[in-house]
Amino acid sequence: MKKILLSAIAISSMATLADAAIDCNMRLSDGSTIKGELLTDKLVGETIFAPSLELAPNIIKSVTLRGTNGVAALELANSDKLTMTLATEEFRLKSIIGEFNVPRSNVRSMTLAVKRDAASLAAGGALVYWCSFDSEADIQKPQVGPTGKYICGDFVPGKLGNAISFPAYRSGVLVNLPAGTIGERGCIEFWAKLVDGKYSFIDGGDPYLFDCVSGSEFFHIEFNANNGGGNSGLCSGMPGAGCTSERGYRGSMPYDAVLPYGSMREWHHYALVWDIDGFKVNGEMVYSALMLDGRFISKVHWPSYAGPVNEQFSLNAEREFILSIPVMPRRARTHSKAPVAIDEFKIWNFAKTTFDL
């Protein structure tokens, strides 16, 4: 029987580096979790439509085993879902504790992600902070960057592995970001999910998604029906610049006015991008932009004039910030009015606008 080989080439909409490393978050039958790089080059098995099928890991998002007989539920990078009886007996994993084979019978699930930032890193860009929020240990020792402090929050199923869910009016995680982490250009990206029964938001942090503070200056993203400048929607703030998803004051707004209709209880990807020298979005020169699920959604930007922004936005390596998720406790009149779950929080030191979603 001729084998069928599926790879990223078979999914024309997926731009994948052929030799990219595969990040793997593996859950074992005893409750253990192991993170590392998956070295297994293909998954082999049988499906209802192909008696002999080989799948390249770079097109797989997740694998969930149903018992020890090899039957697994797979989700692919393009959101296709299929059931496959795996013939692959073990998975090769390179982790912080070494390189080893994990028997398939001991695996309950795996989430996979392609590392696709090689070109950006080669150009001088870098990932300066990354926390997966799979556990309290991840906050204390994140994948990249300085140690954090866990204050409160529950660990719940996330976009990848676990996420952390925060109650309203509470900050859950604090991280001291050293000088040089936040600079004149960068990107803060993460996944977030609304977790309560509300359907609309009001003024001021309903919810806040994060707060990054240095003295009186701060970066943040929030849902806000009035950002103080007469605009509404998903709003960002930063020293001397910012943007909103809606033009004009809207009053109390449904979350569906910002998020795709009917998806307010689903995971969405958020990003705040900035560059002191400016960059163009749909032909307009801007200094910061909001992105939702990989799309630019900003309708209002400030400052809107051409040329360098004011000195207040001249961030430099001498400035330290405190990252608070969702929001800095005790900051005057600031709090998050709605609970929210956050996953895969990353900070880059360049204006990153492409993401693996």
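Everything numeric here is computed off the predicted structure, so don't read it as measured data. Here, residues in each chain are numbered from 1, in the same order as that chain's written sequence. Residues qualify for local features only when their pLDDT is at least 70, as the model is predicted, and side-chain atom pairs are given and counted only at 80 or more; totals for whole chains, interfaces and linings, by contrast, use all residues. Hydrogens and water are ignored here; the side-chain numbers use all heavy atoms of the structure.

Asks: Give a description of the overall build of the protein chain that names residues and reports values.
Replies: Per the secondary structure count, the protein chain includes two helices and 29 strands. Burial classes: relative accessible area under 20% of the type maximum marks a residue as buried, over 50% as exposed, and values in between as partly exposed (1.4 Å probe, protein chains only). Counting only residues that meet the buried cut, the protein chain has 51% of its 357 residues in that class. The contact definition used throughout considers only heavy atoms, calling two residues in contact when any of these lie within 4.5 Å. Sequence separation of 24 or more characterises 63% of the internal contacts of the protein chain that already satisfy a separation of 6 or more. Residue exposure ignores everything except the shown protein chains as possible cover, and the areas themselves are Shrake-Rupley values with a 1.4 Å probe. Split by element, the accessible area of the protein chain, about 16000 Å² in all, is 51% carbon and sulfur. A helix here means a DSSP run of H or I that spans at least four residues, while a strand means a run of E at least two residues long, and both kinds are numbered starting from the N terminus.

Asks: Describe in detail the nonpolar core, supporting the description with residues and values.
Replies: Ranked by size, the top nonpolar core spans 44 residues in total, and within it Phe190, Phe210, Leu323 and Phe345 carry the most contacts. As used here, the term nonpolar core means buried Ala, Val, Leu, Ile, Met, Phe, Trp, Tyr and Cys residues forming a set that is joined through side-chain atoms within 4.5 Å. Core analysis: the second largest hydrophobic core is formed by 27 residues, Cys24, Ile59, Val63 and Val107 among them.

Asks: Explain the pattern of salt bridges to me, using residue names and the numbers behind them.
Replies: By definition here, a salt bridge exists when the distance from a side-chain nitrogen of Lys or Arg to a carboxyl oxygen of Asp or Glu is within 4 Å. Counting across every chain of the model gives seven salt bridges. A salt bridge links Arg185 to Asp275; its shortest N-O distance comes to 3.2 Å. A residue pair is termed long-range when its members are at least 10 positions apart, and Arg185 in strand 17 (residues 185–194) and Asp275 in strand 24 (residues 268–281) qualify at 90 residues. Owing to a relative accessible area of 12%, Asp275 belongs among the buried residues under this scheme. Among the charged side chains, a network of salt bridges with common partners joins Lys35, Asp134 and Asp138.

Asks: Describe in detail the pairing of strand 8 (residues 81–86), supporting the description with residues and values.
Replies: Because side chains alternate across strand 8, one face comprises the buried residues Leu82, Met84 and Leu86, and the other comprises Lys81, Thr83 and Thr85, none of which is buried. Strand pairing is assigned whenever DSSP identifies at least 2 bridges connecting the two strands. Pairing of strand 4 (residues 43–46) with strand 8, which is carried by two bridges, proceeds in the antiparallel orientation. Note on strand 8: the bridge partner recorded for Gly45 is Leu86. Note that strand 7 (residues 71–76) and strand 8 share five bridges and pair antiparallel. Across the sheet, residue Ala73 finds its bridge partner in strand 8, namely Thr83.

Asks: Could you give me a rundown of the environment of Tyr199, with the residues and numbers involved?
Replies: Mapped onto the elements of the fold, Tyr199 is located in the loop between strand 17 and strand 18 (200–201). Separated by 65 residues in the primary sequence, Tyr199 and Met264 have C-alpha atoms spaced 8.1 Å apart. Setting aside residues up to four positions removed in sequence, Tyr199 forms contacts with Met253, Pro254, Tyr255, Met264 and Arg265.

Asks: Give me the lowdown on the confidence of the model for the protein chain, citing residues and values where you can.
Replies: The predictor's confidence in any single residue is recorded as pLDDT, a number from 0 to 100. Considering every residue of the protein chain, the mean pLDDT works out to 79; 81% of them sit at 70 or more. Residue range residues 1–19 is modelled with pLDDT below 50. Its contacts to residues more than four positions away, or to other chains, number 32 contacts. Contacts from residues 305–314, a stretch scored under 50 in pLDDT, to residues over four places away or in other chains number 23 contacts.

Asks: I'd like to hear about the pairing of strand 28 (residues 321–325), residue by residue, with values.
Replies: Of all the five residues making up strand 28, four are buried; the element is thus mostly covered by neighbouring parts of the structure. The pairing of strand 16 (residues 173–177) with strand 28 spans five bridges and is antiparallel. Of the residues in strand 28, the one forming a bridge with Leu174 is Ser324. As paired strands, strand 19 (residues 208–214) and strand 28 are joined by three bridges and run antiparallel to one another. Its bridge partner being in strand 28, Asp211 is matched across the sheet by Ser324.

Asks: Explain the environment of Leu53 to me, using residue names and the numbers behind them.
Replies: Considering the arrangement of structural elements, one finds Leu53 in strand 5 (residues 53–55). You can call Leu53 buried: its relative accessible area is 0%. Considered as a pair, Leu53 and Lys42 are eleven residues apart in the sequence and their alpha carbons are 9.8 Å apart.

Asks: Hey, could you go over unusual backbone geometry for me, with residue numbers and the actual values?
Replies: The phi torsion at Phe133 lies on the positive side, around 60°, for a residue other than glycine. With respect to the helices and strands, the residue Phe133 is situated in the loop between strand 12 (127–131) and helix 2 (136–140). At Glu344, a position not held by glycine, the phi torsion is positive, near 50°. If you trace the backbone, Glu344 turns up in strand 29 (residues 340–348).

Asks: Go over the packing of aromatic side chains with me, naming the residues and quoting the values.
Replies: Here a Phe, Tyr or Trp ring, Trp counted by its six-membered ring, pairs with any other such ring whose centre lies within 6.5 Å, and the pair is stacked when the planes are under 30 degrees apart, edge-to-face when over 60, and tilted otherwise. Throughout the structure, instances matching the rule amount to ten aromatic pairs. Centroid distance Phe219 to Trp274: 4.7 Å. Interplanar angle 50°. Geometry classified as tilted. Here Phe219 is found in strand 20 (residues 217–224), whereas its partner Trp274 is found in strand 24, with 55 residues between them in sequence. Accessibility assignment for this pair places Phe219 and Trp274 in one class, buried. Among the aromatic side chains, those forming a connected cluster through ring pairs are Tyr129, Phe190, Phe210, Phe223, Tyr255, Tyr270 and Phe345. Geometrically, a lysine NZ or arginine CZ counts as sitting over a ring once it is within 6 Å of the ring centre and also within 35 degrees of the ring normal. Sitting above the plane of the Trp191 ring, Lys159 keeps its charged end 4.6 Å from the centroid. When the ring centre of Trp130 is taken as reference, the NZ or CZ atom of Lys346 above it lies at 4.7 Å.

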